[in-house]
Amino acid sequence: MSQFANTLLMLAATFIPFAAALALLFVPKERSEIFKKGALFATVLSFVLSIPFFFAYDRTSDAVQWAQSWSWIPSLGVRFSVGMDGISLLLWLLTTFIGPIAILCSWEAITERLKEYYIWLLVLQTAMLGVFITQDMFLFYVFWEVMLVPMYFLIGIWGGPQKLYAAIKLFLYTLAGSVLLLVAVLAIYFLQAKTQGTFDFSLESFQAMAPIIAQQTKTYQTLLALAFFVAFAIKVPMFPFHTWLPDAHVQAPTAGSVILAGILLKMGTYGFVRLLLPIFPTAVKDLMPWFIAMSLIGIIYGALVAMIQKDMKKLVAYSSVSHLGMCMLGIFALNPYGFKGALFQMINHGISTPGLFLAVAVVYDRRHTRMIADFGGLSETMPIYSTIFMIMTMSSIGLPLLNGFIGELIILQGSFQAFPWAAVVATSGIILGAAYMLWMFQRVMFGPISEVNRKMSDLTTREMVVFAPLVILAVWIGLYPRPLMEIMDRPVAKLVRQVNPDYYLAPSISTEQEKAKQEGMQGMIAPGTHENSTHAETLGEKH
């Protein structure tokens, strides 16, 4: 297929859910089966269309692939530009993968206002996919904001007892970050017009502004960098911007929690990698001690708070604060190991944590309680469920041969290379993570069983179909992570050259110094100088 045809296929996979949402608007609300099957068909079709891109991606290139650009608002320099590199491709594929799972897990759980529910889910799916394919800052901001509206309604209408509180809190936090992001984007946009005489919203032009921004005053750089940082830190969320997350997770319907954990939190980390670091490399290095401290506090604080939770869903929610703190530590290492580990762990977290939320939903649907103390001995009556819960738990804590192990290992390798003391502190978060997850599993699955719990049935066929893709992917990535690593290699190397060029320069200097020592010279002499000095010595001997 031609590049243009591939781009159209990418756009089809992205906008099919939205097209299905528009079609469902004209279906009478009494036809509940049409909403369920139509939403499932649209998300499955989107996923199927996305699969060829995994194999077609050119792993030898760091360029944006399947790129196309059409004029949209010429007077403002806005274009409808799309394309993906290896980083955005993996997150885009994860989104198409999670979509059908979110729809299918809602099959029996949602019984009221099905029309609105599935329409909002489909709109949210397209908005999330759009963030990862856009190559225009204006378009990025549009998709970024559109995501907020469906999630607000999903929590506010179909959530738990405190759904309005959680929905409004989510909305206010995210909106505050979005306003800061918009101000910073406009500041760079007008700085570009002032220094270059052009108006251009393309991501490439924004990243190319990095040297010009570095020439501005330190206060200017810091304020703009902090505006980007706060917007993305809220979405991750990093400490101390995390307080909206536990409420949103606990009150959200299961599909909302699955999407929040699987995709929406990755929007923040993706923003750091795609925008903050390439545009503000100098300011980021100046602020690095604060960023590292916040990451470490998030890792330890999230783990400690998770350990004391009595509600399983809230425990898993706080575990996300700890796990995403680990991802941020890898990103701020500014080296290939840190970036690859963080990106890999973003994928892993998008598999294991949705699996844990689905596991909590299974027992909640049967007992209408999530309190750990209300369970015990479930392994006797629910052996299939217990096995899947165990796999998801081990995946979350990073057991070797499952997906979580590889990401944590590479993050620690990258962070130890950049700041050994921080890697040591982060290791304690991993230990605490194993403690609270295994303790929860032990209390729920083993011990004496009550008569009420003895009557609980094991997984249905539909529930096993929901869990199967997550289990398969967790095992496959744990055993054979190479295909994902190969997709990351070139884009990560390009990112390191953008934000930390000294990383690749240092080995070459060391090599030249070693050669100089072997030739009996003190220090390192530049190749041209060395040649000239040798030539001068030869002429002196002749005279």
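By the bridge criterion, six bridges tie strand β1 (residues 65-73) to strand β2 (residues 78-84) in an arrangement that is antiparallel. Bridge pairing links Q68 to V82 in β2. Hairpin connection between β1 and β2: a loop of four residues separates the two successive antiparallel strands, and G77 in this loop has a positive phi of roughly 75°.

A word on helix α6 (residues 163-196). Between its terminal C-alpha atoms α6 stretches 48 Å, which fits the 50 Å expected from 34 residues at 1.5 Å a residue. Positive phi shows up at G197, right after α6, with a value of about 75°.

This part takes up the nonpolar core. Ranked by size, the top nonpolar core spans 195 residues in total, and within it W92, F228, F229, F272, F280 and Y385 carry the most contacts. When residues no more than four places from it in sequence are discounted, the contact partners of W92 are M10, A13, T14, S50, F53, M84, L129, F132 and I133.

Another aspect to go through is the confidence of the model for the chain. The predicted model of the chain has a mean per-residue pLDDT of 89, with 93% of residues at 70 or higher. Between residues 508-514, whose pLDDT stays under 50, and residues either more than four places distant or in other chains, the model counts three contacts. Here residues 519-543 scores under 50 on pLDDT; set against residues more than four positions off or in separate chains, the count is nine contacts.

Another point: unusual backbone geometry. Cis geometry marks the peptide bond from V236 to P237; its omega dihedral reads -10°. In this fold, P237 is placed in the loop between α9 (218-235) and α10 (244-251). The backbone phi angle of R113 is positive, close to 50°, even though this residue is not glycine. For R113, the location among the structural elements is in the loop between α3 (86-104) and α4 (114-133). Judged by its relative accessible area of 48%, R113 falls in the partly exposed class.

Here the focus is the packing of α4 against helix α11 (residues 254-279). At a minimum axis separation of 11 Å, α4 and α11 run at an interaxial angle of 20°. Comparing their axes, α11 and α4 come out roughly parallel. The interaxial crossing formed by α4 with α11 has left-handed handedness. When α4 is examined against α11, the residues Y117, L121, L124, M128, V131 and F132 are found in contact with a partner set consisting of A255, I259, I263, L264, M267 and Y270. Counted by class, the contact of α4 with α11 contains twelve nonpolar, no polar and no charged residues.

The geometry of α10 relative to helix α13 (residues 312-332) is characterised by a closest axis approach of 9 Å and an angle of 140° between their N-to-C directions. As judged from the angle between their axes, α10 and α13 are oblique. Of the two possible hands of crossing, α10 and α13 adopt the one that is right-handed. Where α10 approaches α13, its residues L245, P246, H249 and V250 are matched on the opposing element by K313, K314, A317, Y318, S320 and V321. The residue makeup of the contact of α10 with α13, split by class, is six nonpolar, two polar and two charged.

By the definition in use, this model includes 34 aromatic pairs. Between W72 and F80 the ring centres are 6.4 Å apart and the planes differ by 80°, which places this aromatic pair in the edge-to-face class. Given a relative accessible area of 39%, W72 falls into the partly exposed group. Both rings, one in F441 and one in F446, keep their centres 5.8 Å apart while their planes meet at 75°; by these two values the pair is edge-to-face. When its relative accessible area of 9% is taken as the criterion, F441 is described as buried. Following the ring pairs from residue to residue traces out a cluster consisting of F4, W70, W72, F80, F138, Y189, F190, F199, F201 and F206. Of note, R59 hangs over the ring of F54, and the distance from its end group to the ring centre comes to 5.3 Å. A cation sits over an aromatic face here: R370 above Y364, 5.1 Å from the ring centre.

Overall, the coordinates contain twelve salt bridges when judged by the stated rule. Between E33 and K36 there is a salt bridge, with the nearest N and O atoms lying 4.0 Å from each other. Taken together, the residues E33 and K36, both in helix α2 (residues 32-56) and three residues apart, mark about one turn of the helix. Judged by its relative accessible area of 39%, E33 falls in the partly exposed class. Ionic pairing is found between D489 and K340, a salt bridge with its closest N-O pair at 2.4 Å. Here K340 lies in helix α14 (residues 336-367) and D489 lies in helix α21 (residues 482-499), a separation of 149 residues in the sequence. Residue K340 is classed as buried on the basis of its relative accessible area of 17%. Salt bridges sharing common partners tie together R59, R482 and E486.

Mapping I133 onto the fold places it in helix α4. Judged by its relative accessible area of 1%, I133 is buried. Each C-alpha atom, one on I133 and one on L24, is 25 Å from the other, the two residues being 109 residues apart in sequence. Sequence-distant contacts of I133, that is, excluding residues within four places in its chain, are made with M10, L11, T14, S81, V82, G83, M84 and W92.

Parameters at a glance
- Residues numbered from 1 in each chain as written.
- Predicted model: local features only at pLDDT ≥ 70, side-chain atom pairs only at ≥ 80, totals over all residues.
- Heavy atoms only, no water.
- Pairing = 2+ DSSP bridges.
- Helix = DSSP H or I, 4+ residues; strand = E, 2+ residues; numbered from the N terminus.
- Expected span 1.5 Å × (residues − 1).
- Core = buried A, V, L, I, M, F, W, Y, C linked by side-chain atoms within 4.5 Å.
- Buried < 20%, exposed > 50% of the residue type's maximum accessible area, 1.4 Å probe, protein only.
- Contact = heavy atoms within 4.5 Å.
- pLDDT = per-residue confidence, 0-100.
- Axes fitted to C-alpha atoms, helices over the stretch in contact; angles between N-to-C directions.
- Parallel < 35°, antiparallel > 145°, perpendicular 65-115°, else oblique.
- Left-handed = near helix turned anticlockwise from the far one by under 90°.
- Nonpolar A, V, L, I, M, F, W, Y, C, P; charged D, E, K, R; others polar.
- Phe/Tyr/Trp six-rings, centres within 6.5 Å; stacked < 30°, edge-to-face > 60°.
- Lys NZ or Arg CZ within 6 Å of the ring centre and 35° of its normal.
- Salt bridge = Lys/Arg side-chain N within 4 Å of Asp/Glu carboxyl O.

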